[in-house]
Amino acid sequence: MPEHDQAACVRLEREAGIACISLDRPAARNSLDLPMGLALRDAVRSLAAEPPRVVVLRSSGAHFMVGGDVRRFDILLGQSQAACTEETGLLIDAVHEAVTGLTRLPCPVLGLVCGSAAGFGMSLAMACDLLVAADDARFVLAYGAIGTTPDGGASWHLPRRVGLQRALAIALLNPQIDAAQAKDIGLVAEVVPAAQLAEAGRALARRLADGPAAAQAGVKRLLREGLATDLASALAAEKASFLAMSATADFAEGVRAFCERRPARFGQPEKLAAGAAPTAPQGVHHPL
């Protein structure tokens, strides 16, 4: 059931350790307006207060998000420049808090992209830790088309994903990047047939939710913080994290499972201690 319904344009649902944020304004191709931005911010706040094992960011309808609601900008400009500046500032504050919150959650954030991810839609997708795209997905930054510059963290995420020169070309020339190209340049991790996107997302979310939560949080923290630090600091952070992980039940279970040549069952130490025989999850194979 939805955790809250303060805005029908964003739904937050939780089940079995997996939280799903759904962009739900399909009639407008999930274009972003102030109510949607505030609802997205509030959904991320709720997750930060009670983090799940994994977050899935997805959309309803044929498109992930086509960017900001340009028609709303036109209405505001018709009122006054001050009205446009005021509301746009509130919107940017809300979505920037949401983007920052997603990157700081101590769990993986999985994005599922179908159709168009344009403008802030592309920015929001890049805030996810992992992106799976439907084969009909297409990405375009598009801010230059309305005479403005990126928001939503695009200027930070894009060059780190694809390199500076390619990022400049994407931002300045506004090419439409299809799903196959997005995978080739490192924008997305995987491409699946559009009809299989939901199923593939569920399977990957379940795999992540069944993993070692503390270690996954550590991986996310180390890799994201490592983008803004030097090697010596990264090495020190890696040592501290590894030693902290070595004191967890998941580490003990992982070591035991490796030595016993079986799949690990993270997060269930009480069952293992009682002698329950673990079964291999479908599609998961031990490395030995």
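Below you will find a few notes about this structure. Since the model is a prediction, treat every value here as computed from it, not as a measurement. (Residues numbered from 1 in each chain as written. Predicted model: local features only at pLDDT ≥ 70, side-chain atom pairs only at ≥ 80, totals over all residues. Heavy atoms only, no water.)

**So, the overall build of the chain**
Next, step 1: Scanning the chain for helices and strands turns up twelve helices and nine strands.
Next, step 2: The C-alpha radius of gyration computed for the chain amounts to 20 Å, which stays within 12% of the reference 19 Å derived for 288 residues, consistent with globular compactness.
Next, step 3: For the chain, the share of sequence-separated contacts (at least 6 apart) that also reach a separation of at least 24 residues comes to 66%.
Next, step 4: Side-chain charges in the chain split into 28 positive and 30 negative, and the spacing between the mean points of these groups amounts to 5 Å. (Helix = DSSP H or I, 4+ residues; strand = E, 2+ residues; numbered from the N terminus. Rg over C-alpha atoms; globule rule 2.2 N^0.38 Å. Contact = heavy atoms within 4.5 Å. Lys, Arg positive; Asp, Glu negative; His and termini not counted. Charge placed at Lys NZ, Arg CZ, Asp CG, Glu CD.)

**With respect to the sheet that holds strand β7 (residues 138-140)**
Next, step 1: If you walk across this open sheet you meet the three strands as β5-β7-β8, and the pairing is mixed. On the outer flanks of this sheet lie β5 (116-118) and β8 (177-178), each paired with one strand and no other.
Next, step 2: Where β7 lies against β8, two bridges are found, and the strand directions are antiparallel. Paired with F139 across the strands is I177, a residue of β8. (Pairing = 2+ DSSP bridges.)

**Observations concerning a nonpolar patch on the surface**
Next, step 1: On the surface, a cluster of nonpolar side chains totalling about 470 Å² of accessible area is made up of L164, L168, L172 and L173.
Next, step 2: Here L168 is to be found in helix α6 (residues 164-173). (Patch = residues over 30% accessible without salt bridge, like charges linked within 9 Å, V, L, I, M, F, W, Y side chains within 5 Å. Areas by Shrake-Rupley, 256 points an atom, 1.4 Å probe, with all protein chains shown as cover. Salt bridge = Lys/Arg side-chain N within 4 Å of Asp/Glu carboxyl O.)

**Thoughts on the pairing of strand β2 (residues 18-23)**
Next, step 1: Counted residue by residue, β2 has six buried out of six residues, so it is predominantly covered.
Next, step 2: Residues I18, C20 and S22 line one face of β2 and the alternating positions A19, I21 and L23 line the opposite face, and both faces are buried.
Next, step 3: Hairpin connection of strand β1 (residues 10-15) to β2: two residues between the antiparallel strands, including A16 at a positive phi of 55°.
Next, step 4: Note: β2 against strand β3 (residues 54-59), six bridges, orientation parallel. Paired with A19 across the two strands is V55, which belongs to β3.
Next, step 5: For the crossover that starts at β2, traverses helix α1 (residues 34-49) and ends in the parallel β3, the hand is right-handed. (Buried < 20%, exposed > 50% of the residue type's maximum accessible area, 1.4 Å probe, protein only. Right-handed = clockwise from strand over helix to strand, strands pointing away.)

**As for the side chain of D33**
Next, step 1: If you trace the backbone, D33 turns up in the loop between β2 and α1.
Next, step 2: A polar side-chain atom of D33 sits 3.2 Å from a polar atom in the side chain of R25.
Next, step 3: Apart from residues no more than four positions distant in its own chain, D33 is found in contact with R25, D69 and L91. (Polar contact = N/O pair within 3.5 Å; in protein donor to acceptor, adjacent residues only side chain to side chain.)

**Re the pattern of salt bridges**
Next, step 1: For the structure shown, the criterion picks out 15 salt bridges.
Next, step 2: Among the salt bridges present, the one from R72 reaches E87, with a minimum N-O distance of 2.8 Å. Of this pair, R72 sits in helix α2 (residues 70-79) while E87 sits in helix α3 (residues 81-104), and the two are 15 residues apart along the sequence.
Next, step 3: Overall, R72 belongs to the partly exposed group, its relative accessible area being 29%.
Next, step 4: Note that R262 and E253 form a salt bridge whose closest N and O atoms lie 2.8 Å from each other. Accessibility assignment for this pair places R262 and E253 in one class, buried.
Next, step 5: Salt bridges here are not isolated pairs; linked through shared partners, they connect R11, E13, D24 and R58.

**Side note on the sheet that holds β2**
Next, step 1: An order of β1-β2-β3-β4-β6-β9 is seen for the six strands of this open sheet, with the pairing classed as mixed. In this open sheet, the two strands that pair with only one neighbour each are β1 and β9 (190-192). With direction set aside, neighbouring strand axes in the sheet form an average angle of 20°.
Next, step 2: Running over the sheet, α1 touches β1, β2 and β3 and is turned about 20° from β1. (Axes fitted to C-alpha atoms, helices over the stretch in contact; angles between N-to-C directions.)

**Some remarks on the side chain of S60**
Next, step 1: With respect to the secondary-structure elements, S60 resides in the loop between β3 and α2.
Next, step 2: A distance of 2.6 Å separates the side chain of S60 from the side chain of D24, its partner in a polar contact.
Next, step 3: Here S60 is in contact with L23, D24, R25, P26 and N30, once residues within four sequence places are set aside.

**Points about α3**
Next, step 1: Taking 1.5 Å per residue, 24 residues should reach 34 Å; α3 reaches 34 Å between its end C-alpha atoms and fits that length.
Next, step 2: Among the residues making up α3, those that are buried are A83, C84, E87, T88, L91, A94, V95, A98, V99, G101, L102 and T103. (Expected span 1.5 Å × (residues − 1).)

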